[in-house]
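# Descriptive structure summary
Okay, here's what each chain looks like letter by letter:
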Amino acid sequence: MSSSMLSFLSRKGAAAGVSKWISRRGCCLRSPISNLSVSGESLRSPSSSPSKISPWLMLPPAVDAGGGDVVHKFFSLSENRVLSLAGEKKFNFSVEDYKLVGSSHGWLAVLDRRNDLFLTNPLSRRRVNLPPLRKLDIPEPYWSGFVGCVSKVIISCSPDEEVCRAVMIFSPADALAFCCPGLTTTTTEWIPIGTRDYSCRGMNAPRRYKSFVYSAAQKLLLCLVDAGDHEFESWDLRDPHSPNLIPMKGSVDRQRYPADPNPILDEETIKDMCSQTYSLVVNEKSGQVFVVKRFVSDYVDSDGCFVNPHHCYISPEEGWDDSKPHKTIDFDVFKYDADSGSLRYMDRSLDGLALFIGRNHSFAIDADEFPELKADSIYYTDVTHTCYAIREEIDYGGHDIGIFSYKDRTFSSCYYPCDVKGIKQILPYPIWYTPSPL
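Bear in mind the structure is a predicted one, so any value in this text is a computation, not a measurement. (Residues numbered from 1 in each chain as written. Predicted model: local features only at pLDDT ≥ 70, side-chain atom pairs only at ≥ 80, totals over all residues. Heavy atoms only, no water.)

## Brief notes about the overall build of the protein
As a reminder, the rule being used: Here a strand is any run of E in DSSP of at least two residues, a helix any run of H or I of at least four, and the numbering for each starts at the N terminus. Note on exposure labels: buried denotes an accessible area under 20% of the residue type's maximum, exposed denotes more than 50%, and partly exposed covers the range between, all computed with a 1.4 Å probe on protein chains only. For the area figures, the Shrake-Rupley method with a 1.4 Å probe applies, and any residue is considered shielded solely by the protein chains shown.
Assigned secondary structure in the protein consists of five helices and 30 strands. Residues counted as buried form 55% of the 438 residues belonging to the protein. Surface accessibility of the protein: about 18900 Å² in total, with carbon and sulfur atoms responsible for 49%.

## Notes on unusual backbone geometry
For the bond running from Leu427 to Pro428, omega is -15°, close enough to zero to count as cis. With respect to the helices and strands, the residue Pro428 is situated in the loop between strand 29 (410–412) and strand 30 (431–433). Residues other than glycine seldom take positive phi values, yet Asp351 does so here, at roughly 60°. Along the chain, Asp351 falls in the loop between strand 24 (343–345) and strand 25 (353–357). Look at Asp376: it is not a glycine, yet its phi comes out positive at around 55°.

## Thoughts on the sheet that holds strand 29
Backbone hydrogen bonds are what pair the strands of a sheet, in a parallel or an antiparallel way. The condition that has to hold: At least two DSSP bridges between two strands are required for those strands to pair. Here the axes come from fitting lines to C-alpha atoms, over the contacting stretch only for helices, and the angles between their N-to-C directions go from 0 to 180 degrees.
The mixed open sheet is built from five strands, whose spatial order is 26-25-27-28-29. A single partner strand is all that each edge strand has here, and the edge strands are strand 26 (363–366) and strand 29. This sheet shows a mean twist of 25° between the axes of neighbouring strands, independent of strand direction. Here strand 27 (residues 377–380) runs beside strand 28 (residues 402–405); their pairing, made up of four bridges, is antiparallel. Pairing of Ser377 across the sheet is with Ser405, part of strand 28.

## Some points on the pairing of strand 17 (residues 229–236)
Across the eight residues that make up strand 17, a large majority, six, are buried. In terms of strand pairing, strand 16 (residues 220–227) meets strand 17 through seven bridges, oriented antiparallel. Its bridge partner being in strand 17, Ala227 is matched across the sheet by Asp229. Where strand 16 folds back onto strand 17 in an antiparallel hairpin, the turn is made up of one residue, including Gly228, whose phi is positive at roughly 85°.

## Focus on the environment of Pro325
The condition is simple: Residue contacts are counted whenever heavy atoms from the two residues lie within 4.5 Å of one another.
Following the sequence through the fold, Pro325 ends up in the loop between strand 22 (319–320) and strand 23 (327–336). Separated by 25 residues in sequence, Pro325 and Val300 place their C-alpha atoms 6.0 Å apart. Leave out the neighbours within four places in its chain, and Pro325 touches Asp298, Tyr299, Val300, Tyr396, His399, Val420 and Ile423.

## Overview of the pattern of salt bridges
Rules: The term salt bridge refers to a pairing of a side-chain nitrogen on Lys or Arg with a carboxyl oxygen on Asp or Glu at a separation within 4 Å.
Under the counting rule described, the total for this entry stands at 20 salt bridges. Between Arg114 and Asp112 there is a salt bridge, with the nearest N and O atoms lying 2.9 Å from each other. With a relative accessible area of 46%, Arg114 lands in the partly exposed category. A relative accessible area of 2% places Asp112 in the buried class. A salt bridge links Arg409 to Asp332; the nearest nitrogen and oxygen atoms lie 3.9 Å apart. Residue Arg409 is located in the loop between strand 28 and strand 29, and its partner Asp332 is located in strand 23; the two are separated by 77 residues in the primary sequence. Summarising the burial analysis for this pair, Arg409 and Asp332 share the class buried. When salt bridges with common partners are traced through the structure, they connect Lys271, Asp330, Asp332 and Arg409 into a single cluster.

## Let's talk about the packing of aromatic side chains
Rules: Stacked, tilted and edge-to-face are the three classes applied to pairs of Phe, Tyr and Trp rings, where Trp contributes its six-membered ring and a pair requires centres within 6.5 Å; stacked means planes under 30 degrees apart, edge-to-face means over 60, and tilted covers the rest. Placement of a charge over a ring requires the Lys NZ or Arg CZ to be within 6 Å of the ring centre, with the centre-to-atom vector within 35 degrees of the ring normal.
All chains considered together, the criterion is met by 17 aromatic pairs. Pairing Phe75 with Tyr415 gives two aromatic rings, centres 5.3 Å apart and planes at 35°, and the pair type is tilted. Of the two residues, Phe75 is situated in strand 3 (residues 70–76) and Tyr415 in the loop between strand 29 and strand 30; the sequence distance between them amounts to 340 residues. Ring geometry for Phe331 against Tyr380: centres 5.3 Å apart, planes inclined by 55°, an arrangement best described as tilted. Here Phe331, found in strand 23, pairs with Tyr380, found in strand 27; they are 49 residues apart in sequence, far enough to count as distant. For Phe331, a relative accessible area of 0% gives the class buried. Site record: aromatic cluster; members linked through ring pairs are Phe331, Tyr380, Phe404, Tyr406 and Phe411. Of note, Arg127 hangs over the ring of Phe118, and the distance from its end group to the ring centre comes to 3.6 Å. Directly above the aromatic system of Tyr406 lies the positively charged group of Arg409, at a separation of 4.5 Å from the ring centroid.

## So, the state of the cysteines
We apply this condition: Throughout, a disulfide means two cysteine sulfur atoms within 2.5 Å of one another.
Applying the stated criterion across every chain yields a total of zero disulfides. Here Cys164 is not disulfide-linked; the sulfur of Cys157 is the nearest cysteine sulfur, at 4.5 Å. According to the relative accessible area criterion, Cys164 is buried, its value standing at 0%.

## Considerations on the environment of Ile314
As for its position among the elements, Ile314 is in strand 21 (residues 313–315). In this structure, Ile314 is in contact with Gly319, Trp320 and Asp321, ignoring residues within four places of it in sequence.

## Considering the nonpolar core
Note the following rule: Here, the term nonpolar core denotes a set of buried Ala, Val, Leu, Ile, Met, Phe, Trp, Tyr and Cys residues that are joined through side-chain atoms within 4.5 Å.
Val291, Val333, Leu355 and Ile378 are the most contacted members of the largest nonpolar core, which totals 33 residues. Going through the elements one at a time, strand 16, strand 18 (244–253), strand 19 (275–283), strand 20 (288–297), strand 23, strand 24, strand 25 and strand 27 are the ones with two or more residues in this core. Residue contacts for Ile378: discarding those within four places in its chain leaves Val292, Phe331, Val333, Leu350, Leu355, Ile357, Gly402, Ile403, Phe404 and Tyr406. With 24 residues, the next largest nonpolar core counts Val101, Leu111, Ala166 and Trp190 among its residues.

## Topic: the sheet that holds strand 24
Ordered by their spatial adjacency, four strands build an open sheet running 19-20-23-24, and the pairing between neighbours is antiparallel. Sheet topology places strand 19 and strand 24 at the edges, where each strand pairs with a single neighbour. Taking the axes of each pair of neighbouring strands and ignoring which way they run, one obtains an average angle of 30° across the sheet. One ladder, built from three bridges, connects strand 23 with strand 24; its direction is antiparallel. Bridge assignment links Lys335 to a residue of strand 24, and that residue is Arg344.

Laid out in structure tokens, this is it:
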């Protein structure tokens, strides 16, 4: 393991984004939004659309009470308006009874209350059922409620292609499995891959897959695994009968990511008390891999101030005070060096890229190719499960959406207001959607 990855460093630059959460945070204003109804066919027509369309934010759909037809809603970053598309006919469940667990290459991955998993394309209105989950080794408690047994699904390309691979992270211990939706004659089941346990102080502990991304250029599935330290691994899934694990150099203590040696201690303490999530992101143009570390305060007050989670515990009988919402308060981004296996902290620059993370297949694009995008920024959506677990007891969830300027360490709104007082529950959670190849 390289010394740069083991050095226990802190930083001043990255912590600056947290300071405004200690006392109070400035409000973000929402732009006036107009609505436009469009057809999927018009979007697919080369004469009516450019070769590239910047990502859309998928909003909760509308359902016709009479016929049950779905109308998909998207917020277009380039048009600064909501687009409406006629969706699947006669959804056989309420939109409150499913959640989006993935978005890749114009397809959405949907999990319903019955734990049925399928892909749907809002533009073509096509649906592709994925193999049943019941044959996997998932304990019975994970089938109940609506947190669900699947946390995320990505696909390598359109399921119309035989080379398509669908990959998911599933319960109970963030395990990994794949299937081949493009093959109709063979390999129609989920195939678990990866080592499930590692040895920790003489005992077996689960290896948890924290994030994954498929690189089309490398034709590899790249994974970040929590096995005590954070480890990297990649998979060649082209032969479904013989998935091939390809080692990647490097691992890093999950609490000791490289950083600047100038911490602001109060802010670093706050970040240590936040929930931390990780996203692997690939820039397909350069092949560069990034690790995005996201800090989510489990509780903020009405002014957007960080609340110590220890102050939100009521009693053993009543548990935690769930009246306060969660909110993202900062990000760190690291560049992965494939030759050395080391991570380099990116200090207030993302090389001019815009990163899109959440439940979608994470990606990075050059902001200078899309004038409507902000360079060196992170576009993020909510990834928590709180709303699905205790939906009727709270009035938030799905709300943690915005744009983070990595250069200025500031937050701004993206369709939904980021002012805490404007928070409301959003179901299903919004997700990034790519209407055309990027």
